[in-house]
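A structural walkthrough
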Amino acid sequence: MIVDALRATGVTKVFGEGGSEVRAVDDVSLGLKRGEVTLIMGPSGSGKTTLLFALGGLVRPTAGHVWIDGHDLAALQERKLPRVRLANFGFVFQDFNLLASLTARENVQVPLELAGVRPAKARERAGKLLKALGLGGRLDFLPEKLSGGEKQRVSIARAIANLPKVLFADEPTANLDSKLGKVVAGLFRKLARATGTSVLMVSHDSRIVDTADRLLLMEDGRLRAME
Amino acid sequence: MRGADPVVSIASRNLFHDRTRLAVSAGGVGFAIMLVLILAATYDGVYRQAGLFVENSGADLFVGQAGVVDTLHSFSILPLNLSEEIATIPGVERVCAIISRTVEAHVGDSEHPRTILVGYNATHGTAGPWRIVEGSRLPGAGEIVIDQVLARKDGLGLGSEVRIGSKAFRVSGISADSNMFIMQYAFVRFEDIVGLVLPPGSATYFLVKVAPGADADVVRQAIEDRWAGVDAFTVAEMAANNREVISGSFLPILLVLYVIGFVIGIVVIGLTVYTATMERAREYGVLKAIGAGNARLARVVLTQAVALAVLGFLAGLAITAAAAAIIGAAVPEMTLYFAPTAFPQVFAAALGMSAVATALPLGRLARIDPASIFRRG
């Protein structure tokens, strides 16, 4: 039996109330399998980012459940969420969101040390990870000295440093050219295969469709499989 | 970041990122620290000085008119012949009558309306100047020993003339530690001011020296029991009473100024840390998203605030040293005394400033939504 890394049932997120109520996510149920790359596409405002927030424990659903590692994120105390995110999730952002005052290696060290890895070990692991992603010559560069593709690879290294069960990527190729976009999407696929991490990507970018194992379409807060 | 908490490293790097702002902020905190230190030193200086005359009098008991509890603000007048009667009390070795009045001292065209003139019997070994920096400790007939602050203010030296009322005195000695902020002590022979500042046949206090082996408290009680019109105090009590006068006069004003200094420090630290937090709000959102809890992030803000308080304290020490030198040259009557305990206390106050100052940025930090770092789609 294949066990889902993450399971969501009946997830609904409503903003506002009364006449101004917006049902951003409407009764979505979804399972993310280990080692699988899932791509959610859909028009702007369709609710895909809100769904990603809810699945990643960044937004509490109005209704429904999100199960990860025995925890229901929808019911978990607010103060316990960061620890669950740290232990189970990795995030890759459209704008990279690297910490500007830290070098590439230090950016990758942060989640490791937050997870309790000793600084020397974290430094060594961060260096190895960045070298594996082709950034061996950029370890001590500040983000402002890196290209877009290099920044995104650092952010991927940061996201996977703690070997997360689920990697969430929000428009990971939006700020990259076509070639780099495919390289980054390919990295996600390799990671999923090599480590069993589930990858959930939210994107408009049709060029990366062929890297996904499963394609889903989000429209008006509802999710359906794409042909 | 080697060996350090990464979140704390982020704090220090954020703080040192804009060095100009850091320098301005540390300077601002430093000025607040300087204000508090100078105020404390002024208070401690006056407080300390207030008891020195009594403590260096060489007496064991101060006897004054009933109801008079200090030598600074109260006015005592007693019949001079009481001195001989007090001398008959068992346990009394010696009694020295003194005249101590606040008078106007005239030097050339200037006048010093708050000079504490002490007339004493130089042969008794009590009540005279206790630290001489120039000239003689014991004034002769028609001579006066003045404080060095008075001398500096008016360019006086040995041989200069000082007039008290209708009488002129020649400066024969210059004393130190006899400055009382806006007042300075001056010492003359008792007989030189009889009839000048008090009616003849009167004195302000009797300084009693207790015989070896006698109990000062017993002697005091005997004096008070015998004469209803007098009160007697030990030297320690009278010095404490004088200092109490200073506390009562100065402390309320100083407390207001302390609070102002403290508030300035809080505002400077608070604004600096708040600005640094807001500039990095997005990064804090990233840290929250990847798993740093509010408590962990609060350490960033606290680290910044404490670092700023420490830098501000160090800057404050440097500014205080410069200010003290300038004050000493420009306003010699302002006696600054930096009590060793003042520095750890002010340092603790600086840390307290930083703790209070973090309230606003901590509140803002707690409200940063990690989801806000994502693009809306």
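Residues numbered from 1 in each chain as written. Chains lettered and ligands numbered in written order. Predicted model: local features only at pLDDT ≥ 70, side-chain atom pairs only at ≥ 80, totals over all residues. Heavy atoms only, no water.

Broken down by element type, chain B carries 10 helices and 13 strands. Computed over C-alpha atoms, the radius of gyration of chain B comes to 29 Å, more than 25% over the 21 Å expected from 2.2 N^0.38 for 377 residues, which places it beyond the range of a compact globule. C-alpha extents for chain B along the principal axes are approximately 100 × 50 × 30 Å. Relative to its full complement of 377 residues, chain B shows a buried share of 51%. Split by element, the accessible area of chain B, about 15500 Å² in all, is 60% carbon and sulfur. Computed over 29 positive and 31 negative side-chain charges, the inter-centroid distance for chain B is 19 Å. (Helix = DSSP H or I, 4+ residues; strand = E, 2+ residues; numbered from the N terminus. Rg over C-alpha atoms; globule rule 2.2 N^0.38 Å. Buried < 20%, exposed > 50% of the residue type's maximum accessible area, 1.4 Å probe, protein only. Areas by Shrake-Rupley, 256 points an atom, 1.4 Å probe, with all protein chains shown as cover. Lys, Arg positive; Asp, Glu negative; His and termini not counted. Charge placed at Lys NZ, Arg CZ, Asp CG, Glu CD.)

This next bit is on the overall build of chain A. Counting its secondary structure elements, chain A contains 6 helices and 10 strands. For chain A, whose C-alpha radius of gyration is 17 Å, the value lies close to the compact-globule estimate of 17 Å for 227 residues. Overall size of chain A, expressed as C-alpha extent along the three principal axes, is 55 × 40 × 40 Å. When burial is assessed residue by residue, chain A has 56% of its 227 residues classed as buried.

Here we take up the interface of chain B and chain A. Of the residues lining the interface, 29 residues belong to chain B; the matching set on chain A comes to 38 residues. Buried surface at the junction of chain B and chain A, summed over both partners, amounts to about 2800 Å²; 60% is from carbon and sulfur atoms. The tally of links between chain B and chain A comes to 5 residue pairs in polar contact (both at pLDDT 80 or more). Within the residue set of the side of chain B that touches chain A, elements represented by two or more residues are helix H1 (6–17) and helix H7 (281–290) of chain B. The biggest single contributor to the side of chain B that touches chain A is H7 of chain B, with 7 residues. (Contact = heavy atoms within 4.5 Å. Buried area = accessible area lost by both parts, 1.4 Å probe. Polar contact = N/O pair within 3.5 Å; in protein donor to acceptor, adjacent residues only side chain to side chain.)

In this section: the sheet that holds strand E7 (residues 166–170) of chain A. As a general point, the strands of a sheet are linked pairwise by backbone hydrogen bonds and lie either parallel or antiparallel. Residue and element names in this part refer to chain A. Pairing is mixed in the open sheet, where 6 strands are placed in the order E6-E7-E8-E3-E9-E10. Single-partner strands in this sheet number two, and they are strand E6 (89–92) and strand E10 (222–225). Taking the axes of each pair of neighbouring strands and ignoring which way they run, one obtains an average angle of 20 degrees across the sheet. As defined by bridge partners, E7 adjoins strand E8 (residues 198–202) across 5 bridges and the pair is classed as parallel. For Ala169, the partnering residue across the bridge sits in E8 and is Met201. Against the sheet, helix H5 (residues 148–160) makes contact with E6 and E7, and its axis sits at roughly 170 degrees relative to E6, the strand it touches most. (Pairing = 2+ DSSP bridges. Axes fitted to C-alpha atoms, helices over the stretch in contact; angles between N-to-C directions.)

All names here are of chain A. Between helix H3 (residues 104–114) and H5, the shortest axis-to-axis distance is 7 Å and the interhelical angle comes to 25 degrees. The pairing of H3 with H5 is recorded here as roughly parallel in orientation. Between H3 and H5 lies a crossing of right-handed hand. Touching Ala104, Asn107, Val108 and Pro111 of H3 are Val154, Ala157 and Arg158, all from H5. For the contact of H3 with H5, the residue count by class is 5 nonpolar, 1 polar and 1 charged. (Parallel < 35°, antiparallel > 145°, perpendicular 65-115°, else oblique. Left-handed = near helix turned anticlockwise from the far one by under 90°. Nonpolar A, V, L, I, M, F, W, Y, C, P; charged D, E, K, R; others polar.)

As a further point, take the nonpolar core. Judged by nonpolar contacts, the single largest core of 39 residues is most densely connected at Ile86, Leu117, Ile144, Ile146, Val162, Phe206 and Ile223 of chain B. Take this core: its biggest share by element is 7 residues, from strand E3 (residues 92–107) of chain B. If we skip the residues at most four places from it in the chain, Phe206 of chain B touches Leu61, Phe62, Val63, Leu78, Pro79, Leu80, Leu82, Ser83, Ile86, Val95, Cys96 and Ala97 of chain B. Counting residues in each nonpolar core, the second largest holds 36 residues, with Val117, Leu135, Leu146 and Leu191 of chain A among its members. (Core = buried A, V, L, I, M, F, W, Y, C linked by side-chain atoms within 4.5 Å.)

The tally for this structure, following the rule as stated, stands at 25 salt bridges over all chains. Of the charged contacts, one joins Arg105 of chain A and Asp140 of chain A as a salt bridge, the two residues approaching to 3.1 Å between their closest N and O atoms. Of this pair, Arg105 of chain A sits in helix H3 while Asp140 of chain A sits in the loop between helix H4 (119–132) and H5, and the two are 35 residues apart along the sequence. Overall, Arg105 of chain A belongs to the buried group, its relative accessible area being 11%. Glu93 of chain B is paired through a salt bridge with Arg94 of chain B; the nearest N and O atoms lie 3.4 Å apart. (Salt bridge = Lys/Arg side-chain N within 4 Å of Asp/Glu carboxyl O.)

This paragraph deals with the pairing of strand E3 (residues 37–41) of chain A. Residues and elements named next belong to chain A. Across the 5 residues that make up E3, a large majority, 5, are buried. Where burial is concerned, the two faces of E3 agree: the one with Val37, Leu39 and Met41 and the one with Thr38 and Ile40 are both buried. As judged from the 4 bridges shared by E3 and E8, these two strands associate in the parallel manner. Note that in E8 the partner of Val37 across the bridge is Val199. Where E3 lies against strand E9 (residues 214–219), 4 bridges are found, and the strand directions are parallel. By the bridge assignment for E9, Thr38 is matched with Arg214.

Let us now look at a nonpolar patch on the surface. Judged by side-chain polarity, Ile253, Val256, Leu257, Ile260 and Ile264 of chain B come together as a nonpolar surface patch covering roughly 410 Å² of accessible area. In this fold, Ile260 of chain B is placed in helix H6 (residues 235–279). (Patch = residues over 30% accessible without salt bridge, like charges linked within 9 Å, V, L, I, M, F, W, Y side chains within 5 Å.)

Next up on the list: the environment of Ala329 of chain B. Residues and elements named next belong to chain B. When you line up the elements, Ala329 lands in helix H8 (residues 294–330). Accessibility expressed as a relative area gives 57% for Ala329, which makes it exposed. For the pair Ala329 and Gln49, spaced 280 residues apart in sequence, the C-alpha separation works out to 19 Å.

Glancing now at unusual backbone geometry. Positioned with a positive phi, Asp27 of chain A is a non-glycine residue whose angle comes to about 55 degrees. As for its position among the elements, Asp27 of chain A is in strand E2 (residues 22–33).

To continue, consider the environment of Thr234 of chain B. Residues and elements named next belong to chain B. Within the element layout of this structure, Thr234 appears in strand E13 (residues 230–234). Taking the C-alpha atoms as reference points, Thr234 and Pro90, 144 residues apart in sequence, are found 17 Å from one another. If we skip the residues at most four places from it in the chain, Thr234 touches Asp60, Leu61, Asp217 and Arg220.

Right, let's talk about the packing of H5 of chain A against helix H6 (residues 178–195) of chain A for a bit. Residue and element names in this part refer to chain A. One can describe the packing of H5 onto H6 by two numbers: an axis separation of 10 Å at closest approach and a directional angle of 15 degrees. The angle between H5 and H6 places the two elements in the roughly parallel class. Crossing of H5 over H6 shows right-handed handedness. The residues of H6 that touch H5, namely those facing Gly149, Gln152, Arg153, Ile156 and Ile160, are Leu180, Val184, Leu187, Phe188 and Leu191. Residue composition of the contact of H5 with H6, grouped by class: 7 nonpolar, 2 polar and 1 charged.

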